[in-house]
Amino acid sequence: MGRRGRNTRHHNARAGSSESTGAGRRGRNTRQHNARAGGRWLRITVATASAGLILPGLALAAPASAAPAGAGAGAGAWHCSAGAHTLAPPGSHLYPDTGNGGYTSLHTLVHLVYNAPTNQFLPGNGVTLTDRATQCLTSFSLDFERKSKNTKDGPDMTVRSVTVNGRPASFTFVQPTYPGDPHGQNDPNPAAHEASQTNPVGGPHHNPLPPACSPELPSTKVPPDSLDGTQCPANKLVVTPSVPVRSGSQFTVTVSYTGRPGVHNDGDGTTEGWFRAPDGGFVTTEPVGSEDWMPLNDFPAAKPTYNFSDTVTAGHTVIANGVLLSTKRNPASAEFPGGSVTWNWFSRAPIASYLVENSVGKYHLTERTADNGTQYYEAQDAGIGAAQRAKNRAIMNMQQNITEFESQFNGTFPFTSDGVVVGTPNASFEEEMQTMITFAGGRIDTDTLYHENMHQWWGDNVTEDDYNLTFFKEGLATLAQFLHQARLAEDANGGPYSAKGQAAFQASLVKSFNQSYAAGGPFWTVAPSDPKPVGLFSGSSTYVRPGIGYIALRQILGHTNFTQALQQLQRTYGGSDVTEPELEAVFQQWLPVPTSACHTRLREFFTQWWDTAYRPGGGKHRPKITGPGLAGPGFYNPHGGCS
Ligand SMILES: [Zn+2]
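Please read all numbers here as calculations on a predicted model, not as lab measurements.

## What to know about the packing of helix 5 (residues 446-454) against helix 6 (residues 470-491)
- Closest axis-to-axis distance for the helix 5/helix 6 pair is 8 Å, and the angle between their directions is 135°. By the angle between their directions, the pair helix 5 and helix 6 is classed as oblique. Crossing geometry of helix 5 relative to helix 6 is assigned as right-handed. Taking contact as the criterion, the partners of T446, D447, Y450, H451 and M454 in helix 5 are, on helix 6, E474, L476, A477, T478, A480, Q481, H484, Q485 and R487.
- Of the residues contributing to the contact of helix 5 with helix 6, the split by class is 5 nonpolar, 6 polar and 3 charged.

## Section: the nonpolar core
- Ranked by internal contacts, the top residues of the largest apolar core, which has 136 residues, are W345, F472 and F587.
- Residues in contact with F587, not counting those within four places in the same chain, are Y550, L553, L557, F562, A565, L566, L569, L602, F606 and W610.
- By size, the runner-up hydrophobic cluster in this structure holds 6 residues, among which are Y178, A212, C213 and C232.

## Re the confidence of the model for the protein chain
- Across the protein chain, pLDDT averages 91, with 89% of residues at or above 70.
- This stretch, residues 5-38, has a pLDDT under 50; its non-local contacts, to residues over four places away or in other chains, come to 76 contacts.
- Across residues 48-77 the pLDDT falls below 50, and counting only partners more than four positions away or on other chains, this stretch makes 50 contacts in the model.

## Things to note about the coordination of the zinc ion
- In this structure, M1 (N), M1 (O), H451 (NE2), H455 (NE2) and E474 (OE) serve as the protein donors to the zinc ion, at separations of 1.9 to 2.3 Å.
- Sequence positions of the residues that donate to the zinc ion give the spacing M-x449-H-x3-H-x18-E. Of this pair, M1 sits in the segment before strand 1 (2-3) while H451 sits in helix 5, and the two are 450 residues apart along the sequence.
- On the basis of relative accessible area, M1 is assigned to the buried category, the value being 0%.
- For H451, a relative accessible area of 0% puts it in the buried group.

## Description of the sheet that holds strand 12 (residues 236-240)
- Reading across from one edge, 3-8-12-11 is the order of the 4 strands in this open sheet, with mixed pairing throughout. The open sheet has two free edges, formed respectively by strand 3 (81-82) and strand 11 (170-174), since each of these has just one partner strand.
- Where strand 11 meets strand 12, 5 bridges bridge the pair, whose relative direction is antiparallel. Across the sheet, residue S170 finds its bridge partner in strand 12, namely T240.

## A few points about helix 8 (residues 544-557)
- Here helix 8 spans 20 Å end to end across 14 residues, near enough to the 20 Å set by a 1.5 Å rise per residue.
- Taking burial as the measure, the 14 residues of helix 8 include 14 buried ones, the bulk of the element.
- One or two positions beyond helix 8, positive phi appears at G558, with a value near 95°.

## Notes on the pairing of strand 7 (residues 126-133)
- In terms of burial, strand 7 is a largely internal element, 7 of the 8 residues being buried.
- Sheet analysis places strand 4 (residues 103-111) next to strand 7, joined by 8 bridges and oriented antiparallel. In the strand pairing of strand 7, V110 is matched with V127.
- Across 7 bridges, the pairing between strand 7 and strand 13 (residues 250-260) is antiparallel. Following the sheet pairing, R132 is matched in strand 13 by Q250.

## Considering the packing of aromatic side chains
- Counted under the stated rule, the structure contains 33 aromatic pairs.
- Their ring planes at 85° and their centres at 5.8 Å tell us that F413 and F415 sit as a pair that is edge-to-face. Each member of the pair, F413 as well as F415, carries the same accessibility label: buried.
- Grouped by ring-pair contacts, the aromatic residues F471, F513, Y517, F523, W524, Y550, F562, F587, F605, F606, W609 and W610 constitute a single cluster.
- Across the ring face of F173, the terminal group of R146 is positioned such that the distance to the ring centre comes to 3.6 Å.
- Lying across the ring of F635, R601 places its NZ or CZ 5.5 Å from the centre.

## Here we look at the sheet that holds strand 2 (residues 42-43)
- Taken in spatial order, the 5 strands of this open sheet run 2-22-23-24-26, and their pairing is mixed. Unpaired on one side and paired on the other, strand 2 and strand 26 (437-439) mark the two borders of the sheet.
- Here strand 24 (residues 417-422) pairs with strand 26 via 3 bridges, running parallel. What sits directly across from V421, in strand 26, is T438.

What counts and what doesn't
- Residues numbered from 1 in each chain as written.
- Predicted model: local features only at pLDDT ≥ 70, side-chain atom pairs only at ≥ 80, totals over all residues.
- Heavy atoms only, no water.
- Axes fitted to C-alpha atoms, helices over the stretch in contact; angles between N-to-C directions.
- Helix = DSSP H or I, 4+ residues; strand = E, 2+ residues; numbered from the N terminus.
- Parallel < 35°, antiparallel > 145°, perpendicular 65-115°, else oblique.
- Left-handed = near helix turned anticlockwise from the far one by under 90°.
- Contact = heavy atoms within 4.5 Å.
- Nonpolar A, V, L, I, M, F, W, Y, C, P; charged D, E, K, R; others polar.
- Core = buried A, V, L, I, M, F, W, Y, C linked by side-chain atoms within 4.5 Å.
- Buried < 20%, exposed > 50% of the residue type's maximum accessible area, 1.4 Å probe, protein only.
- pLDDT = per-residue confidence, 0-100.
- Donors = N, O, S within 2.8 Å, 3.2 Å for Na, K, Ca; no water.
- Pairing = 2+ DSSP bridges.
- Expected span 1.5 Å × (residues − 1).
- Phe/Tyr/Trp six-rings, centres within 6.5 Å; stacked < 30°, edge-to-face > 60°.
- Lys NZ or Arg CZ within 6 Å of the ring centre and 35° of its normal.

Quick look at the structure:
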């Protein structure tokens, strides 16, 4: 995610001197060969689909027959119990209310029936989640914020029915309990269900327990701790099937619901979710707003594949993840007197909870297949003026080139499609929705496109295992902005094939590092791996500090080894998630001086850059290990070792 107007990015502060650092060659020689654009842009229009539409992936959603059978399927016979109502570890104070245990999310069919002019989900609207039980389940939960204190822009939805494997199931909404509560997830103590920015809750009653949820601040103007100690809303949808679900079995859950989707008020007072647009909705949801338009397992490491089969008011376009399979006109009906249209999108790649895209509106949508087969989509709200649309289009047309530039560092682009949707609501941030990046406020800018497109590898394909690892992917996306600036310097100095251009590229990165490394004030005061909800998407700890930390890491490992490490991470963890120890282990493998002293020093580097909160002011109070050619003490001793 990149927030606008919050001073989260650093490159604007660039200035001054260039400095030669003896940069080695980078392995970047294929770029200009690949930069040819293939194919022509095709306007997407709604055609009458042929009969017998095939939705790939739907086979997964077929009901499984593996529920415990027979009269002996009671809890005792199978050691069945309720699934955990969270995936957060004990003590977590970053969205500890989200995620659900006892099963793995495999596939989701989104089946919206949506009246775009009135912004309402109609009867027939729902989702079908295909999961695999990891224990015998008497009940399990989903995340769904169907009502909000934000009565203007928040959701107002009603669950009509829930079925499990096609059979009616009972359901209820409960509050979250703090993760690890020894009294269980329905702890009768009200203090076990309180919101806070921090652990312990504190608040006016000095609650010593960890928080059960992150606060939903009404605006950015209220004090961040103003909701600490208040009761968490009942956003856990607990489903009890008619018979327990056997451990290891695949099962389907269908939730039918109607009403108005909306936005989630976040721990920093901004909103995310389903933003009302003049002709529908604009969906951009990090970190937890997906549950404000659909029930799901709302946790980054929960990554099902997706089919979207949305029926919406005629004349409206659905923008979702993956590839567009088909569109189909439907005749007038009671719900849609003017007719409707069904859009089918499919993502074979799994998608993290906060990256599911499903905007509906009057979008101009075009599609183009590049010469390497990647499909590029461009969508813009028809309400954007023609001149601005043309400006936006010029930047959107750079996406293939940016993808090829970033591929030199990250390896092959991980998806079969990529795209951008520009909506009109002022969402205050842009987001790396998987294969369909959202830009809000009717405009797009090049530097943020480098940032969000970098996320397709980092965050999207390789996802953080929990919210406190957000810095890992935001740091790499910020690195993409530093690389963009370096590329501009390179182009201004003879281009990538000239020694002067290459030196300018390296000098630009060194300058980016040195400028931010000199920062004082509160720059170093939050450990990147331990932020509060209020600062998660605005602080230097999430963006610039890890961003320049990667520049230092690139100097320590060497440019080729750094790229090799990134590509190994993609190969090993692509389509899944990664933990902080796993990340560090891969970078350790590419340390060019593999002595125990150097491994120890690299461990200390990670501790300083990722896990340490310093006193304000910088100077002595900042990471002391940097990299060769950078400001600060560097990494190796004069003999090239670490002792
Ligand atoms: Zn970002």
